[in-house]
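Reading the structure
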Amino acid sequence: MPTHPSISLAKSQLEAGGIVAIPTETVYGLAANALDPVAVAKIFEAKNRPFFDPLIVHVSAIAEIEKWTLSTHPKLLLLLKVFSPGPLTVLLPKNEKIPELVTSGLPTVGIRVPNHPLTLELLSSLDFPLCAPSANPFGYVSPTTAQHVADQLGDKIAGILDGGACSVGLESTIVGIENEQVTVFRLGGLSIEALEKVVGKVVVKIAQNSNPQAPGMLDAHYATRKPLIVGDIVSLVEKYKEEKLGLISFENAYQELPFFERKILSPEGSLTLAATGLFEAMRALDQSDVSMILAEKFPDEGLGRAINDRLKRASVK
Ligand code: TXA
Ligand code: MG
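Below is a summary of the structure that appears in this document. (Residues numbered from 1 in each chain as written. Chains lettered and ligands numbered in written order. Predicted model: local features only at pLDDT ≥ 70, side-chain atom pairs only at ≥ 80, totals over all residues. Heavy atoms only, no water.)

**Topic: the overall build of the protein chain**
What counts is decided by this rule: Secondary structure elements are taken from DSSP: a helix is a run of H or I of four residues or more, a strand is a run of E of two residues or more, and numbering for both begins at the N terminus. Just to be clear, the radius of gyration here is over C-alpha atoms, and the globule rule we use is 2.2 Å times residues to the power 0.38. Only heavy atoms matter for contacts: two residues are in contact if any of them lie within 4.5 Å across the pair.
Regarding its fold elements, the protein chain presents 10 helices and 14 strands. Taken against the 2.2 N^0.38 rule, which gives 20 Å for 317 residues, the C-alpha radius of gyration of the protein chain at 19 Å falls within 12% of a compact globule. With the C-alpha coordinates aligned to their principal axes, the bounding extent of the protein chain is approximately 60 × 45 × 30 Å. If you take every contact in the protein chain between residues at least 6 apart in sequence, the share linking residues at least 24 apart comes to 67%.

**Quick notes on the sheet that holds strand E8 (residues 173-178)**
Pairing between sheet strands relies on hydrogen bonds along the backbone, with the strands arranged either parallel or antiparallel. Heads up, the rule is: Between any two strands, at least two bridges found by DSSP are needed for them to pair. Axis lines are fitted to C-alpha atoms, over the contacting stretch for helices. Their N-to-C directions set the angle, which ranges from 0 to 180 degrees.
Strand order in this open sheet of 10 strands is E7-E1-E2-E6-E3-E5-E4-E8-E9-E10, and the pairing throughout is mixed. Lying at the two open borders of the sheet, with one neighbouring strand each, are strand E7 (159-160) and strand E10 (203-204). Here 2 bridges tie strand E3 (residues 56-58) to strand E6 (residues 130-131), and the two strands are oriented antiparallel to one another. Counterpart to Val-57 in the pairing with E6 is Cys-131. Sheet strands touched by helix H2 (residues 37-47): strand E2 (29-33) and E6. Its angle to E2, the strand with the most contacts, is close to 155°. Where helix H3 (residues 74-83) meets the sheet, it contacts strand E4 (88-93), E8 and strand E9 (181-186), and its direction lies at approximately 150° from that of E4.

**Some remarks on the side chain of His-116**
Heads up, the condition is: Whether a residue is buried, partly exposed or exposed follows from its accessible area with a 1.4 Å probe, protein chains only, as a fraction of its type maximum: under 20%, in between, or over 50%, in that order. What qualifies as a polar contact is a pair of N or O atoms within 3.5 Å, subject to a donor-acceptor requirement within protein and to the restriction that residues adjacent in sequence count only when both atoms come from side chains.
Relative to the assigned elements, His-116 resides in the loop between strand E5 (108-112) and helix H5 (117-125). On the accessibility criterion, His-116 (9% relative accessible area) is buried. Among the polar contacts listed, one links the side chain of His-116 to the backbone nitrogen of Leu-118, at a separation of 3.1 Å. Ignoring anything within four residues of it in the chain, the contact list for His-116 reads Pro-23, Thr-24, Glu-25 and Gly-163.

**Notes on the side chain of Thr-144**
Structurally, Thr-144 can be placed in the loop between E6 and helix H6 (146-153). Sequence-distant contacts of Thr-144, that is, excluding residues within four places in its chain, are made with Thr-26, Val-27, Tyr-28, Gly-164, Ala-165, Cys-166, Gly-169, Phe-279 and Glu-280.

**Quick notes on empty space enclosed by the protein**
Rules: Put simply, the grid is 1 Å and covers the protein atoms alone, a cavity is a trapped set of points that fit a 1.4 Å probe, a pocket is an open set with protein on both sides within 12 Å along at least five of seven lines, and lining residues have an atom within 4 Å of a point. Grid points are joined across faces, edges and corners, and a volume is the space filled by probe spheres set on the points. Amino acid classes used here: Ala, Val, Leu, Ile, Met, Phe, Trp, Tyr, Cys and Pro are nonpolar; Asp, Glu, Lys and Arg are charged; the rest, including Gly, are polar.
Applying the stated criterion across every chain, the model contains 2 cavities of 30 Å³ or more. In this structure, the second largest cavity occupies an estimated 40 Å³ of space. Together, Thr-173, Leu-187, Gly-188, Leu-190, Ser-191, Ile-192, Gly-302, Leu-303, Arg-305 and Ala-306 line the second largest cavity. Of the residues assigned to the lining of the second largest cavity, the class counts are 5 nonpolar, 4 polar and 1 charged.

**A word on unusual backbone geometry**
The linkage connecting Ser-84 with the following residue, Pro-85, adopts the cis geometry, with an omega of -10°. By the secondary structure assignment, Pro-85 is in the loop between H3 and E4. The phi dihedral of Glu-180 is positive, around 65°, even though this residue is not glycine. Looking at the element boundaries, Glu-180 is found in the loop between E8 and E9. Judged by its relative accessible area of 58%, Glu-180 falls in the exposed class. The phi angle at Tyr-254 is positive, at roughly 45°, despite the residue not being glycine. As for its position among the elements, Tyr-254 is in the loop between strand E12 (245-249) and strand E13 (261-264).

**A closer look at the pattern of salt bridges**
Put simply, the test is: For salt bridges, the criterion is a side-chain nitrogen of Lys or Arg within 4 Å of an Asp or Glu carboxyl oxygen.
Evaluation of the coordinates by the stated rule reveals 13 salt bridges. The shortest N-O distance in the salt bridge between Lys-67 and Glu-64 comes to 3.1 Å. Close ionic contact of Asp-309 with Arg-310 constitutes a salt bridge, the shortest N to O distance being 2.7 Å. A relative accessible area of 10% means that Asp-309 is categorised as buried. What makes Arg-310 buried here is its relative accessible area of 0%. By sharing partners, the salt bridges in this structure join Glu-171, Asp-309, Arg-310 and Arg-313 into a single network.

**So, the packing of helix H9 (residues 271-287) against helix H10 (residues 304-314)**
Here is the rule: Each angle receives one of four descriptions, namely roughly parallel if under 35 degrees, roughly antiparallel if over 145, roughly perpendicular if within 65 to 115, and oblique otherwise. Throughout, a crossing is termed right-handed when the near helix is turned clockwise from the far one, and left-handed when it is turned anticlockwise from it by less than a right angle.
Axis separation between H9 and H10 bottoms out at 9 Å; the angle between their running directions is 20°. By the angle between their directions, the pair H9 and H10 is classed as roughly parallel. Taken as a pair, H9 and H10 cross one another with a handedness that is left-handed. The residues of H10 that touch H9, namely those facing Leu-271, Ala-274, Ala-275, Leu-278, Phe-279 and Met-282, are Gly-304, Ile-307, Arg-310, Leu-311 and Ala-314. Classifying every residue of the contact of H9 with H10 gives 9 nonpolar, 1 polar and 1 charged.

**Describing the packing of aromatic side chains**
In plain terms, the rule: We call Phe, Tyr and Trp rings a pair once their centres come within 6.5 Å, taking the six-membered ring for Trp, and we label the pair stacked below 30 degrees between planes, edge-to-face above 60, and tilted otherwise. Each ring is checked for a lysine NZ or an arginine CZ that lies within 6 Å of its centre and within 35 degrees of its normal; such an atom marks a charge sitting over the ring.
Enumeration over the complete set of coordinates arrives at 2 aromatic pairs. Ring plane angle 35° and centroid distance 4.8 Å describe the contact between Phe-44 and Phe-51, whose orientation is recorded as tilted. Geometrically, the ring pair formed by Phe-250 and Phe-298 is tilted, given 5.5 Å between the ring centres and 45° between the ring planes. Here the residue Phe-250 occupies a position in the loop between E12 and E13, and Phe-298 occupies one in the loop between strand E14 (292-295) and H10, the gap between them amounting to 48 residues. Neither residue differs from the other here; Phe-250 and Phe-298 are each classed as buried. We note Lys-244 situated over the ring of Phe-260; from NZ or CZ to the ring centre the distance is 4.1 Å.

Here it is, written out as structure tokens:
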């Protein structure tokens, strides 16, 4: 499947009920007309995704959100104003125009304004919103380039709108209101610290296994095919010295240890940069000759928390 940068081609494919991979700042999405259940069903089929895992709806501007929702909350509106377009998804009560298939029967819809020029232009040109999960087979690492999508889903979809590499590299942060408090249901590309600067203390309620609020936050997500283990690198290397080891680390190259391949996500110590390269590193090691991937635990602050969340979900228990 060739990738292309043509908005008009993507538009016509989507209008014809096809599913098209689209670039966003977080990860590539697999998009369909959110108002057309037949088109939406193709997403679940292509990804092999269970129907109980709801999809996020993408719109071109905050003003569009009220077309698909019953109400908003002042704090969520404030967050949208500050962080949209950007890696923020809000959960709001949906109206009857959004099919049940999109929300897996939940009364709320996850909705966001993605920050990518091609996708914003595409959304503005369409007269329907796009629902889009990450464009990877269910359970695998999310794609951050058009090529990642082509490699895994190329023969199952109508097109791939190529917008280059994703600038954030982690999925959006999902936020809703529970008991009148701003509650984070998925850690992502927008940090807790950034949210709290705007709305004060937030509650973090991340599902470890399945959770009725966020059925998609299953434990075995983002997984590589090779075993991935998170922990103290020195002791893990000692334990698994018979294996051909690959490394994912923050700043430290562990030059003294016998790694076959190393992915040092940010030698300069930026968690934001590390986030950008995480999924690419997981994919590259998965496709390399290593037999096992060892990952460091990242600092528990800023985007480090979301990186740790993804590594933990990808790791063997
Ligand atoms: O950054 C992103 O959010 C990317 C890009 C493509 O926009 N999309 C993405 O979609 O990560 P996906 O399907 O991989 O993850 C969406 C998750 C679901 O698995 C579920 O946990 C949560 O969002 N979600 C969606 N709608 C929800 C709802 N109504 N209530 C609770 N959780 C919801
Ligand atoms: Mg996903």
